[in-house]
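# Descriptive structure summary
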Amino acid sequence: MPVSAEISAQISVTQTATPDGGQATAKQSAGPGVVLVANGTANGQADLAFVDTRTVTSGANDDIDLAGALSSVFGATLTFVEIMSILIYSEPTNTTNLTVGNAPSNPFQGPFGAAAHTEVIAPGGLSLAHRPSGWTVVAGTGDILRIANASGASATYQIAILGRSA
């Protein structure tokens, strides 16, 4: 089943001031806006997609197996060989932080730089990592993406993963 996607990443800022003689406005932006992703297994393409809303109980972990344990929206088994994009959005109604990365066994290193590195996402926060050439997933040794929830309450998050099967 073919995949196509749009990744939106941009911050647009408008600043105003009132200098002598009138008002001034400056508009600036950073980021590409929309990155289009076509179907395929080459650099900058994706043929696998996983999108879900998940809940992690207080003090628990959601260990996501990227190599053969996830299902597409149509029920097909997803076995990622490379991950190109990961978006994780912590719902603003959460009261605990999510920590991404550092699975104790078979950790997916991906954008973290090392297997033990992590990123903390506060309620209402998000993380978007995108690398057109992808990060390697190694079944059985480097395929677990851990989402850990701090103690205090359950936390709900949205996740989207784009990647390749070859």
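In this report, the structure presented in the accompanying data block is examined. All of these numbers come straight from a predicted model, not from anything done at the bench.

Moving on: the layout of surface pockets. Considering only enclosed or pocket space, the largest pocket measures out at about 270 Å³ in volume. Residue lining of the largest pocket: 16 residues in total, with Met1, Ala49, Ser72, Val73 and Leu78 positioned closest to the centre. Counting residues per element, the ones that place at least two in the lining of the largest pocket are β4 (48-56) and β7 (77-79). With five residues, the top contributor of residues to the lining of the largest pocket is β4. Grouping the constituent residues of the lining of the largest pocket by class yields 11 nonpolar, three polar and two charged. Counted as a void, the second largest pocket has a volume near 210 Å³. It is strand β1 (residues 5-17) that contributes the most residues to the lining of the second largest pocket, four residues altogether. When the residues that make up the lining of the second largest pocket are grouped by side-chain class, the tally is 11 nonpolar, two polar and one charged.

Pairing is antiparallel across the open sheet formed by four strands, whose spatial order is β5-β12-β9-β10. On the outer flanks of this sheet lie β5 (61-65) and β10 (118-121), each paired with one strand and no other. For this sheet the average axis-to-axis angle between neighbouring strands, irrespective of direction, equals 20 degrees. By the bridge criterion, three bridges tie strand β9 (residues 98-101) to strand β12 (residues 144-149) in an arrangement that is antiparallel. The residue bridging Leu98 from the neighbouring strand is Asn149, located in β12.

Okay, the nonpolar core next. If you look at the biggest cluster of nonpolar residues, it comprises 27 residues, and the most contacted ones within it are Leu66, Phe80, Ile83 and Leu145. Elements with a minimum of two residues in this core: β4, β6 (67-71), β8 (82-90), β9, β11 (126-136), β12 and β13 (155-164). With four residues, β13 is the largest single contributor of residues to this core. Setting aside its immediate chain neighbours within four residues, Phe80 contacts Leu48, Ala49, Phe50, Leu66, Ala67, Leu70, Val137, Ile161, Leu162, Gly163 and Arg164.

What counts as what
- Residues numbered from 1 in each chain as written.
- Predicted model: local features only at pLDDT ≥ 70, side-chain atom pairs only at ≥ 80, totals over all residues.
- Heavy atoms only, no water.
- 1 Å grid on protein atoms, 1.4 Å probe; cavity = no way out; pocket = protein on both sides within 12 Å on 5 of 7 lines; lining within 4 Å.
- Points joined across faces, edges and corners; volume = space filled by probe spheres on them.
- Helix = DSSP H or I, 4+ residues; strand = E, 2+ residues; numbered from the N terminus.
- Nonpolar A, V, L, I, M, F, W, Y, C, P; charged D, E, K, R; others polar.
- Pairing = 2+ DSSP bridges.
- Axes fitted to C-alpha atoms, helices over the stretch in contact; angles between N-to-C directions.
- Core = buried A, V, L, I, M, F, W, Y, C linked by side-chain atoms within 4.5 Å.
- Buried < 20%, exposed > 50% of the residue type's maximum accessible area, 1.4 Å probe, protein only.
- Contact = heavy atoms within 4.5 Å.

All quantities given are derived from atomic positions and should not be read as evidence of function.
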